[in-house]
Amino acid sequence: MTEMTEEKTAEKARIGTPSIPGLTEEGESLSPLEPAGQTSPLGGAASKAHSHGGGYGIPDSSRAGRLTSYRLEDFPAIRGTEEEWRFTPVKRLGGLHTAALDGAAPAVAVEGPEQVRVETVGRDDARIGAAGIPEDRVSANAWAHFTEATVVTVPAGAELADRVLVTVTGAGSAPAAQHVVVVAEQGSRAVVVLNHVGEAVVAENVEIVLEDGAHLTVVSLQEWSDTSVHASSQQVKVGRDAHLKHIVVSLGGSLVRVTPTARFAAPGGEVELYGLYFADAGQHLEHRTYVDHAQPNCVSNVLYKGALQGKDARTVWVGDVLIQKQAEGTDSYEKNQNLVLTDGCRADSVPNLEIETGLIEGAGHASATGRFDDEHLFYLMARGIPEDVARRLVVRGFLNEIIQKIGVQGIEDHLTEAVERELEAGEN
């Protein structure tokens, strides 16, 4: 953070001036409710009181109060009414929440520069669990049943000129568990692509660790077969002055549920979470982002965009940002936009923002869902462009903002072609 910003924050603290309208210096009171000498199963200091309920021993609709545990038995059976599952068609999870995940895990193949270290390790490897703890029953089920993990490490100081491609290929329809760890060591720079293909019913835990000063881009592509089911918990630990760009692209699969969580472990970090999804008839594509500002002077920006076409196409985006009391100097924003192309679709969009201190640079959120802008179509058609071509141009322009965030030409070209195929399939 610059010297000027530090002086401004110190001055606000001295005179007790809130950094954003409507909040005092203390912000909203979200004090722990644990009785003295007891440990809450909701994660200690993360157990908060809110206007919508919650508290000691009670699952909270706030992400701050959610249960986290490595033990599957700590999570109750999913009924579908819980906050984290109320949008998910639980019957279509393929047993990922109930079954022993003993099917063959998807095969993992890694291509990249020779500096990158790739290891297959057992459950007892010290790097497993470094980025986070399971936050829901499906993630805990995957944790309970995976037998080995793939660890991809970018060495300290390395600046990779080429991307690292991790191809995850499904091994069939038997419920399975998957575990992948990506480590960007101190001062490294790299792009890592996780490409999910083939047929699978899989619960996946992805851990991403950025050590101090690391700059890492992670692209998670979901290009599964039409019958696949994929629930992926992707947890990130961001070190001091580290920078993460995380991009989720969901196109294939019957049901896909990706839940990226980013936590700042030291001051000065920056996180960019981007997402692109295109749902066809019958598809359910769900994304839930969570940014935990637990350190001062960190920045986060979340932007997810989706398009829907066909009967019963369904998308869900839920964005949670928590700015803890100690996270002074935070700058955070999240936005979701959805473009509905045909009748019979449904897009749910829920941005959430919790602020425990008023001493921040800024915080906000936005959400918009709608059909084509008639004025845009009229403008293009008035210049001689046929309506079907004009509609495609609008959709391409809408989604291209996310594609351009990737910064790898080959992947951008691939996704542009994939979006074009989706449009052709819908005859838009």
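Look above for the structure.
Residues numbered from 1 in each chain as written. Predicted model: local features only at pLDDT ≥ 70, side-chain atom pairs only at ≥ 80, totals over all residues. Heavy atoms only, no water.

As for the packing of aromatic side chains
Aromatic rings considered in pairs are described by the distance between their centres and by the relative angle of their planes. Per the counting criterion, the structure on display carries two aromatic pairs. Residues Tyr70 and Trp143 carry aromatic rings whose centres are separated by 4.7 Å and whose planes lie at 40° to one another, so their mutual orientation is tilted. One end of the pair, Tyr70, is in the loop between α1 (3-15) and β1 (107-111); the other, Trp143, is in helix α2 (residues 137-145), with 73 residues separating them in the sequence. Residue classification places Tyr70 among the partly exposed positions, given a relative accessible area of 34%. Note on Trp143: relative accessible area 12%, which makes it buried. (Phe/Tyr/Trp six-rings, centres within 6.5 Å; stacked < 30°, edge-to-face > 60°. Helix = DSSP H or I, 4+ residues; strand = E, 2+ residues; numbered from the N terminus. Buried < 20%, exposed > 50% of the residue type's maximum accessible area, 1.4 Å probe, protein only.)

A few points about the environment of Ala99
Topologically, Ala99 is positioned in the loop between α1 and β1. The sequence separation of Ala99 and Val138 amounts to 39 residues, and the corresponding C-alpha distance is 9.8 Å. Look past the residues within four positions of Ala99 in its chain and what remains in contact with it is Asn141 and His145. (Contact = heavy atoms within 4.5 Å.)

With respect to the sheet that holds strand β2 (residues 117-122)
With mixed pairing, nine strands are arranged side by side in an open sheet as β2-β3-β5-β7-β9-β11-β13-β15-β17. In this open sheet, the two edge strands, each paired with only one partner strand, are β2 and β17 (346-355). For this sheet, the mean angle separating the axes of adjacent strands, direction not counted, is 10°. Summarising the sheet, strand β11 (residues 255-264) and strand β13 (residues 284-293) pair through seven bridges and their orientation is parallel. Bridged to Thr261 within β13 is Tyr290. (Pairing = 2+ DSSP bridges. Axes fitted to C-alpha atoms, helices over the stretch in contact; angles between N-to-C directions.)

Observations concerning the environment of Leu359
Looking at the element boundaries, Leu359 is found in the loop between β17 and β18 (362-370). Sequence-wise, Leu359 and Lys325 are 34 residues apart; in three dimensions their C-alpha atoms are separated by 8.8 Å.

Looking at unusual backbone geometry
Positive phi, close to 60°, is recorded for Asn297, a residue that is not glycine. Here Asn297 is to be found in the loop between β13 and β14 (299-308). In this model, Asp312 sits at a positive phi of 65°, which is unusual for a non-glycine residue. You can call Asp312 partly exposed: its relative accessible area is 48%.

Here's the deal with helix α4 (residues 387-403)
The terminal C-alpha atoms of α4 lie 24 Å apart, and with 17 residues this matches the ideal 24 Å at 1.5 Å per residue to within 8%. Of all the bends found along α4, the most pronounced is centred on Gly397 and spans about 25°. When α4 is considered as a whole, its buried residues turn out to be Ala390, Val394, Val395, Phe398, Leu399, Ile402 and Ile403. (Expected span 1.5 Å × (residues − 1). Bend = angle between axes of the 7 residues up to and from the residue.)

Some points on the sheet that holds β1
Read across the open sheet, the nine strands follow the order β1-β4-β6-β8-β10-β12-β14-β16-β18; overall the sheet is mixed. Both outer strands of the open sheet, β1 and β18, are each paired with one neighbouring strand and no more. On average, each strand axis in the sheet is inclined to that of its neighbour by 10°, with strand direction left out of account.

Overview of the packing of helix α3 (residues 374-381) against α4
Closest axis-to-axis distance for the α3/α4 pair is 9 Å, and the angle between their directions is 125°. The orientation of α3 relative to α4 falls into the category oblique. Of the two possible hands of crossing, α3 and α4 adopt the one that is right-handed. Only Glu387, Ala390, Arg391, Leu393 and Val394 of α4 make contact with α3, whose side of the interface consists of His376, Leu377, Leu380 and Met381. Along the lines of polarity and charge, the residues of the contact of α3 with α4 split into six nonpolar, one polar and two charged. (Parallel < 35°, antiparallel > 145°, perpendicular 65-115°, else oblique. Left-handed = near helix turned anticlockwise from the far one by under 90°. Nonpolar A, V, L, I, M, F, W, Y, C, P; charged D, E, K, R; others polar.)

A few points about α2
Most of α2 is tucked away, with seven of its nine residues classed as buried. Taken as a whole, α2 has its buried residues at Arg137, Val138, Ser139, Ala140, Asn141, Ala142 and Trp143. Buried residues along α2 sit in contact with β5 (172-184), β7 (200-210) and β9 (229-238). The N-cap residue of α2 is Asp136: its side-chain oxygen and the backbone nitrogen of Val138 are 3.1 Å apart. (Polar contact = N/O pair within 3.5 Å; in protein donor to acceptor, adjacent residues only side chain to side chain.)

Let's talk about the side chain of Arg288
By the secondary structure assignment, Arg288 is in strand β13. Separated by 3.3 Å, the side chain of Arg288 and the backbone oxygen of Glu83 make a polar contact. A distance of 2.8 Å separates the side chain of Arg288 from the side chain of Glu286, its partner in a polar contact. If we ignore the near neighbours within four places in the chain, the residues touching Arg288 are Glu83, Glu84, Trp85, Arg86, Phe87, Arg257, Val258, Thr259, Pro260 and Val318.

Here's the deal with the nonpolar core
Ranked by size, the top nonpolar core spans 51 residues in total, and within it Ile208, Leu210 and Leu216 carry the most contacts. Top contributing element to this core by residue count: β7, with five residues. Setting aside its immediate chain neighbours within four residues, Leu210 contacts Ala184, Leu216, Val236, Lys237, Val238, Gly239, Ala242, His243 and Leu244. One finds Val191, Phe278, Ala307 and Phe372 within the second-largest nonpolar core, a separate group that totals 32 residues. (Core = buried A, V, L, I, M, F, W, Y, C linked by side-chain atoms within 4.5 Å.)

Some words on the side chain of Gln309
Counting through the fold element by element, Gln309 comes out in the loop between β14 and β15 (314-323). Here the side chain of Gln309 touches Asp280 through a polar contact of 2.8 Å, side chain to side chain. Reaching out from Gln309, the side chain makes a polar contact with the backbone oxygen of Glu422 at a distance of 2.7 Å.

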